[in-house]
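Examination of the molecular architecture
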Amino acid sequence: MKPLALRTGVRWKIAVAIAAVGALIAVTLSLVVHNSARVSMLDNAREVQMERLLFAQRMYESSKPKEPRFGTKINDPMLPPQLDQLMRDKRRGTYVQEHHHGGPPDVWAAVPLGNGDVLSLHIPFADRSATIMKDLDRALVIGSVSVVFGGCALGVLIGGQLSRRLRKAAAAAGRVAQGNTDVRVRDAIGGVVRDETDELARAVDALTDALQERIEAERRVTADIAHELRTPVTGLLTAAELLPPGRPTELVRDRAQAMRTLVEDVLEVARLDSASERAELQEIALGEFVERRVRALDPEAAVHVVHESWVNTDPRRLERILGNLLANAAKHGKPQVEVTVEGRVVRVRDHGPGFPEALLREGPSRFRTGASDRAGQGHGLGLTIAAGQARVLGARLTFRNAAPEGTPEGAGGAIAVLWLPDHAPTNTGSFPMIKFAD
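A brief report on the enclosed structure follows. Only a predicted model underlies this, so the values are computations on that prediction, with no experimental measurement involved.

So, about the sheet that holds strand β6 (residues 302–307). The sheet built from five strands is open, its strands ordered β6-β8-β9-β11-β10 with mixed pairing. Two strands lie at the open edges of the sheet, namely β6 and β10 (396–401), each paired on one side alone. The average undirected angle you get between the axes of adjacent strands in this sheet is 15 degrees. One ladder, built from five bridges, connects β6 with strand β8 (residues 338–342); its direction is parallel. Residue pairing across strands places Val305 opposite Val341, the latter belonging to β8.

This is how it looks when you write it as C-alpha cells:
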C-alpha cells in the first residue's frame, strides 16, 4: 500500500518552524523571568521579615515585663523544623514555607534569645506581591502569544517570498521543458535578493543551454548524414531501375525506395526541429479540402463533414499531416478509417488496437519500433512529422483511444485529432495581433 504523502508548501513549513522556535524561546524566557521575579520578591520579603523580627526583639528585651509584640511569638510550636535546627545552633534565620493546598506561602523569621527561648514571626506572602506575580504571569503569556503569532506572520512573509520565487522558477522550467528554450529561469524569478534560488536558476539555465547545444549538434549530425545519404540512395534507386525484371529486382527496388523515403523523412524532421519552417498561408474551405485529399489518398476511407469552415492555413502541410495520419491508420489499424471535419477540427479514426500507452503518455517518438509501438515496424517518423507540421501551422495534434462501453481499453480504435487555430501564424512564424473593438 502506497503511503499517504502530506504535501505542504515552503511558506507554511518556514512559518511553523519560526513559530515553534519563537514559542520555545518565549516559554523558556517566561519561566526564567517568572522564577527570577518570584525568588527576588521572596528574598526581599525574608529580609523585611527579619528586620521586623529584630526590631520586635529589641522591644521585647527592653520592655518590663517582657512580652512579644508585633505578632511575634515565643517558642511557637508551628516553627518549621529547618528553623528549629538553626535555633539549636544559636543562629537566626528565615524560611519560606509552602502549602500543599496552594495559596501564598508563609514567610518565617526566628532568632534565639539569651535565655534559650526562640522569638519568631511569620506572615503570609503579601497579597500585593501575589498580585504583582499574577500580573507578571499575564504579561508573559500575552507576550509569548504575541511572539508566536508575530513569528508565524514573519515566517509566512519570508516563506511566501521564497515560495513565489520557487514557483516562478518551476513555471519557467516547465516552459523550457515544453520546448521554449529562450526562457531563462533566472530572469523569470527576478528580484533584488540573491539567494539559493538564483543558484538553482543558474544551474537550470546552464543545463538548458547544454541540452540545447547537444540537441542542436545531434540535429545537425542527423541532417548532415541524411543529406550525404541522399545522393548515393538516389543513385542506388536509379541503378535498381536498370536491373532485369524479376523478384530479386523488385526486392532491391522496394528496399531502395524505402531507404529513400527514410532519408527524406529524416531531412524533414531535421528541418522541423530547426524551427526554420514557415507556413505559406491560403484561405481554404476545410471540409471540401479534406474530402478531396482523403479521396485521393485513401478512397476506402469515409469522410463526414459535420460543419464547414474557412481556414487560413498551408494546404501543402495540411495535406502532409492528413497523408501521414491516414497512412498510420491504414497500416496499423483496421478498416474502416473515418475522417470527420467539424469546424476547425479534423478527426482521423481507425478501428484497430489503438495507440500504445507510451505514445499517449509521451507523444510521438521518432525511430520507436517494436511490439509495444503501434507501428511494430518501420522507422516511426510518420506521426512525428505530422506533429511537427502541425506546430508549424500553429495547430495542435492530439492522440487518444476510443473504447466503446463494454469493450476493453483501446479496443475501439485510435483517434488522432487536429485542432487548427483561429488565427494562423504569419509568414514569419509569429501570430497576428488581435484587436478588439471598444
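We now examine the packing of helix α7 (residues 286–297) against helix α8 (residues 315–332). Closest axis-to-axis distance for the α7/α8 pair is 10 Å, and the angle between their directions is 50 degrees. With respect to α8, the element α7 is oriented oblique. As α7 packs across α8, the resulting crossing turns out to be right-handed. Along the contact surface, α7 presents Leu286, Phe289, Val290, Arg293, Val294 and Leu297, while α8 presents Pro315, Leu318, Glu319, Leu322, Gly323 and Leu326. A per-class count over the contact of α7 with α8 returns nine nonpolar, one polar and two charged.

Among the structural elements, Asp76 can be located in the loop between β1 (73–74) and α2 (81–88). Lys73 provides the closest opposite charge to the buried, unpaired Asp76, separated from it by 4.2 Å. In terms of polar contacts, Asp76 uses its side chain to reach the backbone amide nitrogen of Met78, at 3.0 Å. When sequence neighbours within four positions are dropped, the list of residues in contact with Asp76 reads Trp108, Ser120 and His122.

With that out of the way, let us pick up the packing of aromatic side chains. For the structure shown, the criterion picks out one aromatic pair. Judged by centre distance (5.3 Å) and plane angle (80 degrees), the ring pair of Phe355 and Phe399 falls under edge-to-face. Of this pair, Phe355 sits in the loop between β9 (345–349) and α9 (357–362) while Phe399 sits in strand β10, and the two are 44 residues apart along the sequence. A single burial state applies to Phe355 and to Phe399, both of which are buried. If you follow Arg396 out to its NZ or CZ, it ends over the ring of Trp419, 5.0 Å from the centre.

Here the focus is the pattern of salt bridges. Under the criterion given, the structure shown has six salt bridges. One salt bridge connects Arg88 with Asp84, and the closest N-O pair in it is separated by 3.1 Å. Of this pair, Arg88 and Asp84 both sit in helix α2, separated by four residues, roughly a single helical turn. As a salt-bridge pair, Arg293 and Glu319 come within 3.2 Å of each other at their nearest N and O atoms. Within this pair, whereas Arg293 is found in helix α7, its partner Glu319 is found in helix α8, the two being separated by 26 residues in sequence. Glu319 sits in the partly exposed class, given a relative accessible area of 30%.

Here the residue pair Pro335 and Gln336 is connected by a cis peptide bond, since its omega of 0 degrees sits within 30 degrees of zero. Summarising the element assignment, Gln336 is placed in the loop between α8 and β8. Look at Asn75: it is not a glycine, yet its phi comes out positive at around 50 degrees. Structurally, the position occupied by Asn75 is in the loop between β1 and α2. Even without being glycine, Lys90 reaches a positive phi, approximately 60 degrees. Looking at the element boundaries, Lys90 is found in the loop between α2 and β2 (93–97). Taking the relative accessible area as the measure of exposure, Lys90 reaches 57% and is therefore exposed.

Quick notes on the rules
- Along each chain, residues carry numbers from 1 onward, in the same order as the chain's sequence is written.
- Only residues with pLDDT of at least 70 get local features here, since the model is predicted, and only at 80 or more are side-chain atom pairs given and counted; chain-wide, interface and lining totals rely on the full set of residues.
- The side-chain figures draw on all heavy atoms in the structure; neither hydrogens nor water molecules are used.
- Paired strands, as defined in this entry, are two strands with at least two bridges between them according to DSSP.
- Numbering of helices and strands runs from the N terminus, with a helix taken as a DSSP run of H or I at least four residues long and a strand as a DSSP run of E at least two residues long.
- Think of each axis as a best-fit line through the C-alpha atoms, taken over the contacting stretch in the case of a helix, with angles from 0 to 180 degrees between the N-to-C directions.
- Just so you know how the angles are binned, under 35 degrees is roughly parallel, over 145 roughly antiparallel, 65 to 115 roughly perpendicular, and the rest oblique.
- When the near helix sits turned anticlockwise from the far one by under a right angle, the crossing is termed left-handed; a clockwise turn instead gives a right-handed crossing.
- The contact rule is simple, with two residues in contact once any of their heavy atoms fall within 4.5 Å.
- Think of it as three bins: nonpolar holds Ala, Val, Leu, Ile, Met, Phe, Trp, Tyr, Cys and Pro, charged holds Asp, Glu, Lys and Arg, and polar takes everything else, Gly as well.
- Classification of residues uses two cut-offs on accessible area relative to the type maximum, computed with a 1.4 Å probe and protein chains only: under 20% is buried, over 50% is exposed, and between them is partly exposed.
- Note on charges: Lys and Arg go in the positive column, Asp and Glu in the negative column, and His and the chain ends are not counted at all.
- Salt bridge criterion: a side-chain nitrogen from Lys or Arg within 4 Å of a carboxyl oxygen from Asp or Glu.
- Polar contacts, as used here, are pairs of N or O atoms within 3.5 Å; protein pairs need one atom able to donate a hydrogen and one able to accept it. Residues neighboring in sequence count only if both atoms are side-chain atoms.
- Aromatic pairs are defined between Phe, Tyr and Trp rings, using the six-membered ring for Trp, whenever the two ring centres lie within 6.5 Å; interplanar angles under 30 degrees are classed as stacked, those over 60 as edge-to-face, and all others as tilted.
- Whether a charge sits over a ring comes down to the Lys NZ or Arg CZ being within 6 Å of the ring centre and within 35 degrees of the ring normal.

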